[in-house]
10 protein chains.
Amino acid sequence: MSDTTPTGPSAPGTDALSQLGRNTPAASCPEEAVLERVPSPHQGRKYVVRFTAPEFTSLCPVTGQPDFAHLVIDYIPSQWIVESKSLKLYLTSFRNHGAFHEDCSVAIAKRLVELLDPEWLRIGAYWYPRGGIPIDVFWQTGEPPAGVWIPSQDVPGYRGRG
Amino acid sequence: MSDTTPTGPSAPGTDALSQLGRNTPAASCPEEAVLERVPSPHQGRKYVVRFTAPEFTSLCPVTGQPDFAHLVIDYIPSQWIVESKSLKLYLTSFRNHGAFHEDCSVAIAKRLVELLDPEWLRIGAYWYPRGGIPIDVFWQTGEPPAGVWIPSQDVPGYRGRG
Amino acid sequence: MSDTTPTGPSAPGTDALSQLGRNTPAASCPEEAVLERVPSPHQGRKYVVRFTAPEFTSLCPVTGQPDFAHLVIDYIPSQWIVESKSLKLYLTSFRNHGAFHEDCSVAIAKRLVELLDPEWLRIGAYWYPRGGIPIDVFWQTGEPPAGVWIPSQDVPGYRGRG
Amino acid sequence: MSDTTPTGPSAPGTDALSQLGRNTPAASCPEEAVLERVPSPHQGRKYVVRFTAPEFTSLCPVTGQPDFAHLVIDYIPSQWIVESKSLKLYLTSFRNHGAFHEDCSVAIAKRLVELLDPEWLRIGAYWYPRGGIPIDVFWQTGEPPAGVWIPSQDVPGYRGRG
Amino acid sequence: MSDTTPTGPSAPGTDALSQLGRNTPAASCPEEAVLERVPSPHQGRKYVVRFTAPEFTSLCPVTGQPDFAHLVIDYIPSQWIVESKSLKLYLTSFRNHGAFHEDCSVAIAKRLVELLDPEWLRIGAYWYPRGGIPIDVFWQTGEPPAGVWIPSQDVPGYRGRG
Amino acid sequence: MSDTTPTGPSAPGTDALSQLGRNTPAASCPEEAVLERVPSPHQGRKYVVRFTAPEFTSLCPVTGQPDFAHLVIDYIPSQWIVESKSLKLYLTSFRNHGAFHEDCSVAIAKRLVELLDPEWLRIGAYWYPRGGIPIDVFWQTGEPPAGVWIPSQDVPGYRGRG
Amino acid sequence: MSDTTPTGPSAPGTDALSQLGRNTPAASCPEEAVLERVPSPHQGRKYVVRFTAPEFTSLCPVTGQPDFAHLVIDYIPSQWIVESKSLKLYLTSFRNHGAFHEDCSVAIAKRLVELLDPEWLRIGAYWYPRGGIPIDVFWQTGEPPAGVWIPSQDVPGYRGRG
Amino acid sequence: MSDTTPTGPSAPGTDALSQLGRNTPAASCPEEAVLERVPSPHQGRKYVVRFTAPEFTSLCPVTGQPDFAHLVIDYIPSQWIVESKSLKLYLTSFRNHGAFHEDCSVAIAKRLVELLDPEWLRIGAYWYPRGGIPIDVFWQTGEPPAGVWIPSQDVPGYRGRG
Amino acid sequence: MSDTTPTGPSAPGTDALSQLGRNTPAASCPEEAVLERVPSPHQGRKYVVRFTAPEFTSLCPVTGQPDFAHLVIDYIPSQWIVESKSLKLYLTSFRNHGAFHEDCSVAIAKRLVELLDPEWLRIGAYWYPRGGIPIDVFWQTGEPPAGVWIPSQDVPGYRGRG
Amino acid sequence: MSDTTPTGPSAPGTDALSQLGRNTPAASCPEEAVLERVPSPHQGRKYVVRFTAPEFTSLCPVTGQPDFAHLVIDYIPSQWIVESKSLKLYLTSFRNHGAFHEDCSVAIAKRLVELLDPEWLRIGAYWYPRGGIPIDVFWQTGEPPAGVWIPSQDVPGYRGRG
Ligand SMILES: [Ca+2]
Ligand SMILES: [Ca+2]
Ligand SMILES: [Ca+2]
Ligand SMILES: [Ca+2]
Ligand SMILES: [Ca+2]
Ligand SMILES: [Ca+2]
Ligand SMILES: [Ca+2]
Ligand SMILES: [Ca+2]
Ligand SMILES: [Ca+2]
Ligand SMILES: [Ca+2]
Ligand SMILES: [Ca+2]
Ligand SMILES: [Ca+2]
Ligand SMILES: [Ca+2]
Ligand SMILES: [Ca+2]
Ligand SMILES: [Ca+2]
Ligand SMILES: [Ca+2]
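Structural notes, computed from the coordinates. Position numbers for residues start from 1 in each chain and track the written sequence from start to end. To label them, take the chains in the order written and letter them from A, then take the ligands in the order written and number them from 1. Under the rules for a predicted model, residues below a pLDDT of 70 receive no local features and side-chain atom pairs below 80 are neither given nor counted, while totals for whole chains, interfaces and linings still include all residues. With hydrogens and water set aside, each side-chain value is computed from the structure's full complement of heavy atoms.

## With respect to the relation of the copies chain A and chain B
Part 1: The superposition of copies rests on a least-squares fit of C-alpha positions from residues with pLDDT of 70 or more in both. Overlaying chain A with chain B gives an RMSD of 0.1 Å, the required rotation being 72° about an axis along which the chain moves by 0.0 Å. Viewed as a symmetry operation, the transformation between the two copies matches a five-fold axis. Considering only C-alpha atoms, the residue of chain A closest to the rotation axis is A:Asp154, which sits at 7.0 Å.
Part 2: Interface residue correspondence from chain A to chain B reaches only 3%, placing this contact among heterologous pairings that use different surfaces. Two residues form a contact once any of their heavy atoms are found within 4.5 Å.

Dropping the structure here:
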């Protein structure tokens, strides 16, 4: 879905949205961010939706210094899909929020699970190196349902230099 | 199969085709596009056919702005294979058509399933980023049949810059 | 095995070969090409042999224009292995032969199965794009035997430009 | 520059813009598209601005079929820089416009030269293959001014398959 | 330019073409192939046109065995540009023609120079390995004119295995 | 977790740490290094934590010469996660320690298992070549628990030169 | 230079530094950030120092939304080199600062020029795409001095998807 | 393990070795090469050891010409690990030895199995192309034991040129 | 040129060759190897010929152990081109020859200069690492003649592991 | 040159070497390391020698923590070449030595210049990131002599993650 102001024909199931097609300032913290959902098209088909967010940034809860991560989120909708502009604004709301890598990565996934009650969801969080050693965090809600195709995330590992 | 005008010997099972080897203008919308099929060679052998379409484009249904995707379609023919020129023209017919990413990706797969009644089919739709966050959509008709070789699509993830 | 003229010590099981170490013109069509085999060394060990042929070319049966493919063939020998120079000449014999992608790819595999009666065999045929959309064809004789190691072919997908 | 609706503090020199921060439908052809400019910041410093547009598409003037290109534009501003949303909409206006590769590529550059009267400008147009053979077009206004740093565009060449 | 049958509006300067938009069988040897030209658009602008042909194949003049090459041709038009379908058919005409690598590579360039009388032209011919050692051939008509931008061809070198 | 001196709000469960946010000289040998742990956030969720350490160096126990390795460690926390600064200092403590590749790689994993009593843990140790032949060592505590997502480490193999 | 708290022997010329080896909160805007310098070692030798900052982020001045960039800065010291921790904190101070891409990129360079009065300096700013089209900005103080080696920055271009 | 002359403290279990830390001429044929073993450290832990040998060379048994291969060997020790210098000298002993690709690849694996009686072992032999078509050989002793982690060898396929 | 036995039409200027199209055992040392030449086609055109030899191997003159190198040779013919099969056999003759990297690399170039008296010649010798540190040797006969196009060799640097 | 114990024929000009072919413990600091030289072969030919050392490590002079770098050294010998084992031991001697990046990188180059009095020399030092921002240092003795070929070092830039 697009996150720009609508100029085309209206789309079904998007009437109640508060952010798509509107000028929406980012929330100042994750708790205040409004994640929105729309009915999944093709209900009954178990497809996977993948979001890749290479622009995620939060703060270290101990030092207050900025941390950066490349996030990849995969999920299988049940009745709802997440509205993509609200997801973008939700991720942006971590900009001035402090959280440990392990904590923050899993928390994002849990918030989406709460909103969407999906068939299945996973997050891969690929944090930039600190002290020469990057941390990655991987979590999924459980064994994915049989018969659904979920490609590898295949984010390249950290290589140092040379 | 080729999509150019025939100059060689005629090929079996291609007589009824309306587009292969003819000057065929693209349809103005997916509904008007004519997808055609020919009998599968080597019937009884479960092989996989992969189409890679890096030139797919449609419109955002809300804003009317162009969206772009790299599509990869895999299927195992049952009795029919899709005629490749008609597939190309079908994909081209989305050029001025508005659809959400999740909707459009699954719809293409369903249209092919209808035409071909294949043993199995899947689509990977790798959309270009909007708002810095690309969406990928993955769907298959179900667990692939045992004993058939289906290589990974291995389309590289989005990396931002640098 | 090498396909050059022999100057070293003779090798066991190669006496009956008609092409290895001889000046052999390529056959003018696949039917006339002579595929040869030699006894598998290490019989009883289930190993995989992979041939990679990035120089395959045939003709389009409809238009007569040249088509190109990158082929990868994997097999587990039973009693025989294919003599590699005869395989090269067999593949060369498609140079002026017309066949659809799906047909040609599976036909090559079937001819090898006939000759070698292998434990298992597969072919990956990665055709160059026509009309902007390449076709890949994947076939194997069935579920590979348990306990044999068969690495992924990992041929990169087509990316268009940029 | 961003192409979304403004919610932040107003920026100097952007008052006269008709498209940035507004819902602007794309023009139906290049002639109707409105390219806009703003005063270059840091006037007197010869810096290079590079736009990369991997989503360019136009029509073949002979067959009416869609063509695709990956465009990279480099320029050294004199008094003006191009407003990026208007550039995006200008490029989008080629969507239903027919032009030969060589013609279209150079025409885009000329239009920008007209608008901006830059110190120097070049375009690299990397077209998707047709008939197995892609065409690239490279043009610049002339020898770049001495002492300005202009990195290579380094767009990878087309490799066929395998 | 496209090499498919015309269905769109006619394009200026293409009336005399014998192959574009027509069903044209490939010539049986380079001498018989008809290379065609059209007037260069944007005359007076020195731009570079690059063709990449990863599907070139000819025969070894000594052994009659097929050779393969990846060709990249760059030129700066003077009054003419080559019509791309005729170029494709010209290259295809080497399919059953015997020539040494060094000879064949330079000969293609000379034929184009004869036809187009360009400002400047070069060819890079990247031949597949024979005996483990590939040969590349590089030729240009002379020092390129000043002030024209000619990007590197950047074809990756041969790496053996692993 | 960060390994810099704390300036932000204090984080729960980190009070007992002796190294995080303090100036801590590296231990002179692995035995003296103090590995520390903190309670796992999101207890009950089986997530994977990956550390990538491309700067590992130890000494050859026979010759005393430096060896280098790229290490990747994956684990599923049970009650504890390792504090990352203490892990970094632990790895640094091998700098003047002699150990065979096989021994050293597994020993690091065992030390972590002892500290964390994790659900599961593995180490991939990718040693630089000696005598032209690198050694990699791979170990895990056993079959990973079902339903947990553990991506491939995907460290590229050694390729020699060229 | 390291940005961690000092535990080793004191280093010459670093006594006056206010941030290196101290807990230093990031400034809230670029104007308040304190950039520091130390005497260049090996004065009289014209060497190049390159900083790569893949974690740069600022705000769009029009919409207030976050922008991201990968920055590469090269300079030839005259009498001073920049102290790296103060540079890091300076770059971090843009986190909540609004600026256009062209403006912000050149401003960073000018601030460093002011501080260091270097022989020569350049910046490459590779911004993440907005609206599908990334902007890069390149600036240098002028022709680099002869006889100094300045390698290409070689940051890969943006490729869209696939 | 290192293959250089010992200058450090003696290591346990290495007393009986005849080659490590000594000047050892390579054997003139595989039969004469002395493969040596030392007790596996961490007995009872099923870890994998990988050797990568990109410098393997032998002779074609028919023509006497040199062949080259990139070898990757994986094994799970039972009681023994191979001493790496003796492995290197063993591989070097094929330098003037003639053997077919399929034969030679499996023979190396069998010799190691004989020496080490490992839990499991596999070899991937990636031969350089001859006649344009490389051969790879893959063999393992059988299904690997459950619960042991064995990463993919992931040696890139042969791509021809371009 | 091909190095296989001739079966096609005879080629001009190849009558005096002693090795092309014949069974030729490799010479036992470089001095005994017979390098042969044929008249350059297209005399008067200054083109570049590049040979890439990823399979070069010689012996260390001090220890007698095998060394490996990836060689790339570029030259501009004057009256002669080297016959490629004789070049291959010449390179093979170093197999049991001892020479230092610097010596051997330049010696190969000098031998070719002697034979061909070319306009210009260079060699890039990329040796496999010994002791973790590879050596590359680059030499050319002098400044290349103006107006000839000589692409970069672009052999990737050595990266260690990971 | 090799750094292993000699077993082959003695090589000219190596008699006076104290480390090559001997068991040589690494020096404990750079000042104590003995760099050795041998006469350049092919005197009068201006060739380039490149050393790539991906395993360099030293200590931070302020914090005492280990730093890592990938070094590439290029030089044109005048009368001497460096003996490679002594170079390796010299680089190893920085293992417990503290120095700033800028200082250390240039110091290594100066020491080599002193020893070899080369025609020309340069060093590229690619340091691992600290605080997310790596530093590279580039220095050369001056403009390289005309007519000598010096390929780009082409070490890939740092990319962060993802
Ligand atoms: Ca992977
Ligand atoms: Ca590394
Ligand atoms: Ca993959
Ligand atoms: Ca980045
Ligand atoms: Ca693209
Ligand atoms: Ca290929
Ligand atoms: Ca390049
Ligand atoms: Ca290799
Ligand atoms: Ca992989
Ligand atoms: Ca190689
Ligand atoms: Ca480049
Ligand atoms: Ca693409
Ligand atoms: Ca793989
Ligand atoms: Ca190719
Ligand atoms: Ca480069
Ligand atoms: Ca990234």
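Having seen the model, we can carry on.
## Some thoughts on the pattern of salt bridges
Part 1: Any carboxyl oxygen of Asp or Glu that lies within 4 Å of a side-chain nitrogen of Lys or Arg is treated as forming a salt bridge with it. Evaluation of the coordinates by the stated rule reveals 60 salt bridges over all chains.
Part 2: For G:Glu119, the salt bridge identified is with G:Lys46, shortest N-O distance 3.7 Å. Placement of G:Glu119 in the loop between helix 2 (101-116) and strand 5 (120-127) and of G:Lys46 in the loop between strand 1 (37-39) and strand 2 (48-59) is noted, with a sequence separation of 73 residues between them.
Part 3: Linking H:Arg130 and I:Glu55 is a salt bridge whose minimum nitrogen-to-oxygen distance equals 3.0 Å. One end of the pair, H:Arg130, is in the loop between strand 5 (120-127) and strand 6 (135-140); the other, I:Glu55, is in strand 2 (residues 48-59), on a second chain. Secondary structure elements are taken from DSSP: a helix is a run of H or I of four residues or more, a strand is a run of E of two residues or more, and numbering for both begins at the N terminus.

## Structural notes on the interface of chain A and chain B
Part 1: Listed as interface residues are 37 residues of chain A and, on the opposing side, 35 residues of chain B.
Part 2: Buried area: the accessible surface (1.4 Å probe) lost by two parts on joining, summed over both. Of the roughly 3,100 Å² buried where chain A meets chain B, counting both sides, 62% is carbon and sulfur surface.
Part 3: Across the chain A-chain B interface, the total number found is zero salt bridges.
Part 4: Nitrogen and oxygen atoms within 3.5 Å of one another constitute a polar contact, given that in protein one can donate a hydrogen and the other can accept it, and given that sequence-neighbouring residues count only through two side-chain atoms. For the interface between chain A and chain B, the tally reads seven residue pairs in polar contact (both at pLDDT 80 or more).
Part 5: Elements with a minimum of two residues in the side of chain A that touches chain B: strand 2 (48-59) and helix 1 (84-92) of chain A.
Part 6: Per element, the largest residue contribution to the side of chain A that touches chain B is eight residues, and it comes from strand 2 of chain A.
Part 7: Residue composition of the side of chain A that touches chain B, grouped by class: 19 nonpolar, eleven polar and seven charged.
Part 8: The sheet contact formed by strand 2 of chain A and strand 6 (residues 135-140) of chain B spans four bridges and is antiparallel. Note that in strand 6 of chain B the partner of A:Val48 across the bridge is B:Phe138. In this classification, the charged set is Asp, Glu, Lys and Arg, the nonpolar set is Ala, Val, Leu, Ile, Met, Phe, Trp, Tyr, Cys and Pro, and all remaining amino acids, among them Gly, are polar. Each pair of strands is called paired provided DSSP finds at least two bridges between the two strands.

## Quick look at helix 1 (residues 84-92) of chain J
Part 1: Here's how the labels work: a residue is buried when its accessible area is under 20% of the maximum for its type, exposed when over 50%, partly exposed in between, all with a 1.4 Å probe on protein chains only. The element helix 1 of chain J is largely enclosed, with a buried count of nine among its nine residues.
Part 2: When we look at burial in helix 1 of chain J, the residues that qualify are J:Ser84, J:Lys85, J:Ser86, J:Leu87, J:Lys88, J:Leu89, J:Tyr90, J:Leu91 and J:Thr92.
Part 3: Buried residues belonging to helix 1 of chain J abut strand 3 (66-76) of chain F, strand 6 (135-140) of chain I together with strand 2 (48-59), strand 3 (66-76), strand 4 (80-82) and helix 2 (101-116) of chain J.
Part 4: The opening residue of helix 1 of chain J is J:Glu83, an N-cap whose side-chain oxygen sits 2.9 Å from the backbone nitrogen of J:Lys85.

## Remarks on the coordination of the calcium ion (ligand 9)
Part 1: In this analysis a donor is any N, O or S atom within 2.8 Å of a metal ion (3.2 Å for sodium, potassium and calcium), and since water is not included, sites may seem incomplete. The calcium ion (ligand 9) binds to the protein through F:Asp154 (OD) and H:Asp154 (OD), with metal-donor distances spanning 2.1 to 2.3 Å.
Part 2: In this structure, the calcium ion (ligand 9) lies 3.3 Å from the calcium ion (ligand 1), and both are coordinated by F:Asp154. Here F:Asp154, found in the segment after strand 6 (135-140), pairs with H:Asp154, found in the segment after strand 6, and the two come from separate chains.
Part 3: A relative accessible area of 38% means that H:Asp154 is categorised as partly exposed.

## Section: the relation of the copies chain H and chain E
These two copies of the chain differ by a rotation about an axis and a displacement along the same axis.
Part 1: It takes a turn of 180° to lay chain H on chain E, together with a shift of 0.0 Å along the axis; the resulting RMSD is 0.1 Å. On the angle and the small slide along the axis, the relation comes out as a two-fold axis. For chain H, the residue whose C-alpha comes nearest the rotation axis is H:Gly131, separated from it by 3.3 Å.
Part 2: Mapped onto chain E, 100% of the interface residues of chain H again fall at the interface, so both copies present the same surface.

Fair warning: the whole summary comes from geometry, so function is off the table for now.
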